[in-house]
Amino acid sequence: QNGATFSVDEGECFDTPGGSLEGMAYDVDTVSCEGKHDGEVFANFRMAGGSYPGDDAIAEAADDRCYSLQYTYAMDSWAIPGDVDIYYFTPTRDSWSLGDREISCLFGNTDEKADLTGSLRQDETTLDADQLAYLKAAQVLNEAMDTAPDEAYVEDDLPGHKKWATRVSGAITEQVGMLRDHDWPADAKEPVAGLVTDLEKARGEWAE
């Protein structure tokens with residue numbers, strides 16, 4: 001979606017005049033995240049200056065950055081509901097000529113007629129130190145898993161899958177180190193130790 005005359009801040013929830021996150025947008029109404037809303041802003045970033053790169057290049061930049069930035073805002077990726085998707089506000093050719101370079105990454109409902117209710121934010125503003133440590137360690141592995149080759153079958157890209165397995169194995173090593181280094185509360189020590197045991201077994205299988 002393109003927005004030329006307004007900006008939205010990380011953590012804000014809003015409604016659009018037409019209730020849709022598709023098409024052109026000229027303004028939004030900021031509302032509380034507690035109630036129903038059309039979108040929640042989870043990140044903003046600026047594109048480099050220069051001449052207008054074109055709609056496709058801007059959409060590609062938004063896709064790439066917003067997909068990865070969602071996990072710094074909603075750190076527990078398993079808690080993101082299945083009916084939530086990523087949308088974005090991007091500069092238009094006209095707004096770019098006026099200096100607009102900002103892309104806003106948004107959560108919205110996959111059903112255009114449905115809303116979101118409640119904030120999806122789970123980061124240092126909402127989590128305690130133990131939750132943050134756990135999710136930061138999990139994120140290391142999740143990011144490596146997300147680098148799987150485009151070819152789903154090993155026989156179609158054996159070198160690519162070998163490199164991916166090496167990345168995953170290395171990520172598990174890093175994750176295990178992070179989990180071991182943290183001073184867990186008493187009721188979490190045993191479950192985390194069990195997870196570390198399972199991860200080390202998995203690491204051996206990925207390495208093999």
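Model, not experiment: these values are computed from the prediction.

J.: Any details on the pattern of salt bridges? Residues and values, ideally.
T.: Between side chains of opposite charge, a pair can form as their charged atoms come close. Following the criterion strictly, the structure yields five salt bridges and no others. Between Arg180 and Glu200 there is a salt bridge whose closest N-O contact spans 2.8 Å. With a gap of 20 residues between them, Arg180 in helix H4 (residues 158-181) and Glu200 in helix H5 (residues 186-207) connect regions that are remote in the sequence. Between Lys189 and Asp183 there is a salt bridge, with the nearest N and O atoms lying 3.5 Å from each other. Lys189 gets classed as partly exposed once you look at its relative accessible area, which sits at 44%. Linked by salt bridges that have partners in common, Glu10, Arg121 and Asp123 make up one network.

J.: Tell me about the layout of surface pockets, and please be specific about residues and values.
T.: In this model, the largest pocket occupies a volume close to 200 Å³. Around the largest pocket sit 13 residues that line it, and Trp78, Tyr134, Ala138, Asn142 and Gln175 are the ones nearest its centre. Put simply, the parts of the chain that give the lining of the largest pocket at least two residues each are helix H3 (129-145) and H5. The element that contributes the greatest number of residues to the lining of the largest pocket is H3, accounting for six residues. Residues belonging to the lining of the largest pocket are distributed by class as follows: eight nonpolar, four polar and one charged.

J.: Requested: an account of the packing of H3 against H4, with residues and values cited.
T.: Two numbers describe how H3 lies on H4: the axes approach to 8 Å, and their chain directions differ by 175°. As summarised for this structure, H3 and H4 are arranged roughly antiparallel, according to the angle between their axes. Seen from H3, the contacting residues are Tyr134, Lys136, Ala137, Ala138, Val140, Leu141, Ala144 and Met145; seen from H4, they are Trp164, Arg167, Val168, Ala171, Ile172, Glu174, Gln175, Met178 and Leu179. Residues belonging to the contact of H3 with H4 are distributed by class as follows: 13 nonpolar, one polar and three charged.

J.: Account for the confidence of the model for the protein, naming residues and giving values.
T.: Regions with low pLDDT carry predicted coordinates that are not meant to be interpreted in detail. Residues of the protein with pLDDT of at least 70 account for 97%, and the chain-wide mean is 93. Within the protein, the lowest mean pLDDT, 46, falls on strand S1 (residues 2-3), and the highest, 98, falls on H4.

J.: Give a description of the side chain of Ser20 that names residues and reports values.
T.: Summarising the element assignment, Ser20 is placed in the loop between strand S2 (13-15) and strand S3 (24-25). On the basis of relative accessible area, Ser20 is assigned to the buried category, the value being 14%. From its side chain, Ser20 meets the backbone nitrogen of Glu22 in a polar contact 3.0 Å long.

J.: Quick rundown of the pairing of strand S6 (residues 39-46)? Include the residues and the values.
T.: Within S6, six of the eight residues are buried, leaving the element largely enclosed by the surrounding structure. Of the strand pairs in this sheet, S2 and S6 are connected by two bridges, and their pairing is antiparallel. Looking across to S6, one finds that Phe14 is bridged to Gly39. Direction of pairing for S6 relative to strand S8 (residues 102-109): antiparallel, over a ladder of seven bridges. The residue of S8 that forms the bridge with Asn44 is Ser104.

J.: Could you give me a rundown of H5, with the residues and numbers involved?
T.: Along its 22 residues, H5 runs 32 Å from first to last C-alpha, staying within 8% of the 32 Å computed at 1.5 Å per residue. Those residues of H5 that fall on the buried side of the exposure criterion are Ala188, Val192, Val196 and Leu199. Angular distribution of buried residues about the axis of H5 spans 80°; they occupy a single face of the element. Relative to its buried face, H5 has exposed residues pointing more than 90 degrees away, namely Glu190, Pro191, Thr197, Asp198, Lys201 and Glu205.

J.: A description of the sheet that holds strand S7 (residues 84-89) should follow, citing residues and the corresponding values.
T.: The strand order across the open sheet formed by five strands is S4-S2-S6-S8-S7, and the pairing between neighbours is antiparallel. Since the sheet does not close on itself, it has two edges, and those belong to strand S4 (29-31) and S7, each with one partner. Strand-to-strand twist across the sheet, computed as the mean angle between neighbouring axes with direction ignored, equals 40°. With respect to the sheet, helix H1 (residues 55-73) is in contact with S6, S7 and S8, its orientation differing from that of S6 by roughly 115°.

Reading guide: rules and limits
- Residues numbered from 1 in each chain as written.
- Predicted model: local features only at pLDDT ≥ 70, side-chain atom pairs only at ≥ 80, totals over all residues.
- Heavy atoms only, no water.
- Salt bridge = Lys/Arg side-chain N within 4 Å of Asp/Glu carboxyl O.
- Helix = DSSP H or I, 4+ residues; strand = E, 2+ residues; numbered from the N terminus.
- Buried < 20%, exposed > 50% of the residue type's maximum accessible area, 1.4 Å probe, protein only.
- 1 Å grid on protein atoms, 1.4 Å probe; cavity = no way out; pocket = protein on both sides within 12 Å on 5 of 7 lines; lining within 4 Å.
- Points joined across faces, edges and corners; volume = space filled by probe spheres on them.
- Nonpolar A, V, L, I, M, F, W, Y, C, P; charged D, E, K, R; others polar.
- Axes fitted to C-alpha atoms, helices over the stretch in contact; angles between N-to-C directions.
- Parallel < 35°, antiparallel > 145°, perpendicular 65-115°, else oblique.
- Contact = heavy atoms within 4.5 Å.
- pLDDT = per-residue confidence, 0-100.
- Polar contact = N/O pair within 3.5 Å; in protein donor to acceptor, adjacent residues only side chain to side chain.
- Pairing = 2+ DSSP bridges.
- Expected span 1.5 Å × (residues − 1).
- Arc of directions from axis to C-beta.

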